[in-house]
Amino acid sequence: DDLIKNRDNLVELINRISKEDLKRIDQAIPLGQKGGDLVVMLENASVKNGVLLQNIDLTGKVETAPQDTKSGVPRPAAAQQTGETAPPGGIAEFSVNMRIKGSYESFKAFLSELEKNLRIINLKSVSFSAPGENKSEFDVSLNAITYYQQ
(Lines give C-alpha, C1' and ligand atoms only; values in the text may rest on other atoms or scores of the structure.)
Protein backbone atom coordinates (compact mmCIF):
# COMPACT_ATOMS: atom_id res chain seq x y z
CA ASP A 1 0.00 0.00 0.00
CA ASP A 2 2.87 2.40 0.87
CA LEU A 3 4.64 1.38 -2.33
CA ILE A 4 1.63 2.30 -4.45
CA LYS A 5 1.25 5.59 -2.60
CA ASN A 6 4.96 6.42 -3.16
CA ARG A 7 4.67 5.49 -6.84
CA ASP A 8 1.59 7.70 -7.26
CA ASN A 9 3.39 10.59 -5.55
CA LEU A 10 6.39 10.19 -7.85
CA VAL A 11 4.19 10.03 -10.96
CA GLU A 12 2.38 13.19 -9.84
CA LEU A 13 5.72 14.92 -9.21
CA ILE A 14 7.04 13.93 -12.65
CA ASN A 15 3.83 15.08 -14.33
CA ARG A 16 4.24 18.53 -12.74
CA ILE A 17 7.50 19.13 -14.63
CA SER A 18 6.71 21.74 -17.26
CA LYS A 19 7.33 21.17 -20.96
CA GLU A 20 9.71 24.14 -20.88
CA ASP A 21 11.79 22.51 -18.11
CA LEU A 22 11.84 19.20 -20.00
CA LYS A 23 13.07 21.05 -23.09
CA ARG A 24 15.84 22.71 -21.04
CA ILE A 25 16.89 19.31 -19.66
CA ASP A 26 17.03 17.92 -23.20
CA GLN A 27 19.22 20.84 -24.25
CA ALA A 28 21.58 20.36 -21.29
CA ILE A 29 21.91 16.58 -21.64
CA PRO A 30 20.16 15.58 -24.89
CA LEU A 31 18.82 12.15 -25.73
CA GLY A 32 21.52 10.90 -28.10
CA GLN A 33 24.68 12.75 -29.11
CA LYS A 34 22.92 15.34 -31.33
CA GLY A 35 26.25 16.26 -32.89
CA GLY A 36 24.57 18.36 -35.57
CA ASP A 37 22.88 20.54 -32.96
CA LEU A 38 26.20 20.90 -31.14
CA VAL A 39 27.98 22.02 -34.33
CA VAL A 40 25.26 24.58 -35.06
CA MET A 41 25.49 25.92 -31.49
CA LEU A 42 29.29 26.19 -31.69
CA GLU A 43 29.12 27.91 -35.09
CA ASN A 44 26.52 30.40 -33.82
CA ALA A 45 28.65 31.12 -30.73
CA SER A 46 31.74 31.67 -32.87
CA VAL A 47 29.96 34.05 -35.27
CA LYS A 48 28.31 35.95 -32.41
CA ASN A 49 31.64 36.48 -30.66
CA GLY A 50 33.86 37.21 -33.64
CA VAL A 51 35.99 34.07 -33.75
CA LEU A 52 36.53 31.84 -36.75
CA LEU A 53 35.66 28.18 -36.12
CA GLN A 54 38.32 26.57 -38.31
CA ASN A 55 37.86 22.90 -37.46
CA ILE A 56 35.64 20.73 -35.31
CA ASP A 57 36.00 17.02 -34.59
CA LEU A 58 33.18 15.12 -32.92
CA THR A 59 34.63 11.69 -33.59
CA GLY A 60 36.36 11.45 -30.25
CA LYS A 61 36.18 8.32 -28.15
CA VAL A 62 32.78 7.70 -26.62
CA GLU A 63 32.98 6.85 -22.94
CA THR A 64 30.17 5.80 -20.67
CA ALA A 65 29.87 7.42 -17.27
CA PRO A 66 29.35 4.85 -14.51
CA GLN A 67 26.47 4.99 -12.08
CA ASP A 68 27.06 5.79 -8.42
CA THR A 69 26.41 2.41 -6.81
CA LYS A 70 24.51 3.88 -3.85
CA SER A 71 22.28 6.46 -5.52
CA GLY A 72 22.18 5.18 -9.11
CA VAL A 73 23.14 8.68 -10.31
CA PRO A 74 25.55 8.82 -13.28
CA ARG A 75 28.96 10.31 -12.51
CA PRO A 76 31.19 12.18 -14.99
CA ALA A 77 34.34 10.37 -16.14
CA ALA A 78 36.50 12.75 -14.09
CA ALA A 79 34.86 11.43 -10.93
CA GLN A 80 35.18 7.76 -11.81
CA GLN A 81 36.61 5.54 -9.14
CA THR A 82 35.90 2.16 -10.73
CA GLY A 83 35.59 0.67 -14.19
CA GLU A 84 31.82 0.19 -13.92
CA THR A 85 29.78 1.25 -16.93
CA ALA A 86 26.33 2.75 -16.94
CA PRO A 87 23.49 0.55 -18.11
CA PRO A 88 21.55 1.61 -21.22
CA GLY A 89 19.63 4.74 -20.37
CA GLY A 90 22.56 6.22 -18.42
CA ILE A 91 24.66 9.29 -19.15
CA ALA A 92 27.49 9.00 -21.68
CA GLU A 93 30.11 11.48 -22.81
CA PHE A 94 32.04 12.19 -25.97
CA SER A 95 34.94 14.45 -26.76
CA VAL A 96 34.84 17.53 -28.96
CA ASN A 97 38.01 18.98 -30.44
CA MET A 98 37.99 22.34 -32.20
CA ARG A 99 40.32 24.98 -33.54
CA ILE A 100 39.34 28.63 -33.53
CA LYS A 101 41.04 31.85 -34.52
CA GLY A 102 40.39 35.29 -33.10
CA SER A 103 41.48 38.11 -30.84
CA TYR A 104 41.97 37.55 -27.13
CA GLU A 105 38.76 39.48 -26.34
CA SER A 106 36.79 37.45 -28.89
CA PHE A 107 38.18 34.22 -27.46
CA LYS A 108 37.14 35.23 -23.94
CA ALA A 109 33.64 36.11 -25.18
CA PHE A 110 33.41 32.74 -26.98
CA LEU A 111 34.37 30.87 -23.79
CA SER A 112 31.83 32.90 -21.83
CA GLU A 113 29.17 31.93 -24.38
CA LEU A 114 30.04 28.23 -23.97
CA GLU A 115 29.89 28.60 -20.20
CA LYS A 116 26.39 30.13 -20.32
CA ASN A 117 25.04 27.63 -22.86
CA LEU A 118 22.50 25.10 -21.65
CA ARG A 119 24.42 22.21 -23.23
CA ILE A 120 26.94 21.02 -20.66
CA ILE A 121 30.45 21.38 -22.09
CA ASN A 122 33.52 20.83 -19.92
CA LEU A 123 36.83 22.10 -21.30
CA LYS A 124 39.65 19.62 -20.74
CA SER A 125 42.44 21.60 -22.36
CA VAL A 126 43.13 24.86 -24.13
CA SER A 127 46.29 25.57 -26.10
CA PHE A 128 47.13 28.55 -28.23
CA SER A 129 49.94 30.13 -30.17
CA ALA A 130 50.94 33.75 -29.79
CA PRO A 131 50.09 35.96 -32.73
CA GLY A 132 52.92 36.85 -35.07
CA GLU A 133 54.14 40.37 -35.76
CA ASN A 134 51.46 42.77 -36.97
CA LYS A 135 48.76 40.24 -36.10
CA SER A 136 46.32 40.29 -33.23
CA GLU A 137 44.68 36.90 -33.71
CA PHE A 138 45.43 33.75 -31.75
CA ASP A 139 45.13 30.20 -33.05
CA VAL A 140 43.41 28.26 -30.25
CA SER A 141 42.85 24.51 -29.88
CA LEU A 142 40.15 23.36 -27.46
CA ASN A 143 39.48 19.86 -26.19
CA ALA A 144 36.15 19.45 -24.43
CA ILE A 145 33.71 16.83 -23.17
CA THR A 146 29.95 16.97 -23.55
CA TYR A 147 27.29 14.61 -22.28
CA TYR A 148 24.18 12.91 -23.60
CA GLN A 149 21.51 10.44 -22.49
CA GLN A 150 21.81 6.97 -23.97
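Rules used throughout
Every chain's residues receive numbers from 1 upward, in the order its sequence appears when written. In keeping with the predicted nature of the model, local features appear solely for residues at pLDDT of at least 70, side-chain atom pairs appear and are counted solely at 80 or more, and the whole-chain, interface and lining totals rest on all residues. Each side-chain value is worked out from all heavy atoms of the structure, with water and hydrogens disregarded. Counting from the N terminus, the helices are the DSSP runs of H or I reaching at least four residues and the strands are the DSSP runs of E reaching at least two. Type-normalised accessible area, obtained with a 1.4 Å probe on protein chains alone, sets the label of each residue: buried when under 20%, exposed when over 50%, and partly exposed for intermediate values. It only takes one pair of heavy atoms within 4.5 Å for two residues to be counted as in contact. For Phe, Tyr and Trp, where Trp contributes only its six-membered ring, two rings pair if their centres lie within 6.5 Å, and the inter-plane angle classes them as stacked under 30 degrees, edge-to-face over 60, or tilted in between. Following DSSP output, two strands are said to pair if at least two bridges run between them. Residues enter patches when their relative accessible area tops 30% and they take part in no salt bridge; the joining distance is 9 Å for like charges and 5 Å for the nonpolar side chains Val, Leu, Ile, Met, Phe, Trp and Tyr. Areas reported here follow the Shrake-Rupley algorithm with a probe of radius 1.4 Å; residue values treat only the protein chains shown as occluding. Salt bridge, as used here: a side-chain nitrogen of Lys or Arg that lies within 4 Å of a carboxyl oxygen of Asp or Glu.

Participant: Can you explain the overall build of the protein? Please cite residues and give values.
Facilitator: Secondary structure assignment for the protein yields four helices and five strands. Scanning the protein from its N terminus toward the C terminus, one meets helices and strands in the order α-α-α-β-β-β-α-β-β. Out of the 150 residues belonging to the protein, those deemed buried represent 28%. Within the protein, counting contacts between residues at least 6 apart in sequence, those at least 24 apart form 68% of the total.

Participant: Please provide a residue-by-residue account of the packing of aromatic side chains, values included.
Facilitator: Under the defined criterion, the tally for this structure stands at three aromatic pairs. The interplanar angle of 80° and the centroid separation of 5.6 Å between the aromatic rings of Phe 128 and Phe 138 together place this pair among those described as edge-to-face. Of this pair, Phe 128 sits in strand S4 (residues 121-129) while Phe 138 sits in strand S5 (residues 138-149), and the two are 10 residues apart along the sequence. For Phe 128, a relative accessible area of 55% puts it in the exposed group. Of the aromatic side chains, those joined through ring pairs into one cluster are Tyr 104, Phe 128 and Phe 138.

Participant: Residue-level account of the pairing of strand S3 (residues 91-102), with values.
Facilitator: For S3, the tally of buried residues reaches nine of 12 residues, placing the bulk of the element in the interior. Both strand S1 (residues 52-57) and S3 contribute to a ladder of five bridges, which runs antiparallel. Residue pairing for S3: Ile 56 is matched across the bridge by Met 98. Two elements, S3 and S5, share 12 bridges in a ladder whose sense is antiparallel. Residue pairing in the sheet places Glu 93 in a bridge with Tyr 147 of S5.

Participant: Quick rundown of a nonpolar patch on the surface? Include the residues and the values.
Facilitator: A cluster of nonpolar side chains, contributed by Ile 14, Ile 17, Leu 22 and Ile 25, occupies part of the molecular surface with about 360 Å² of accessible area. Here Ile 14 is to be found in helix H1 (residues 2-15).

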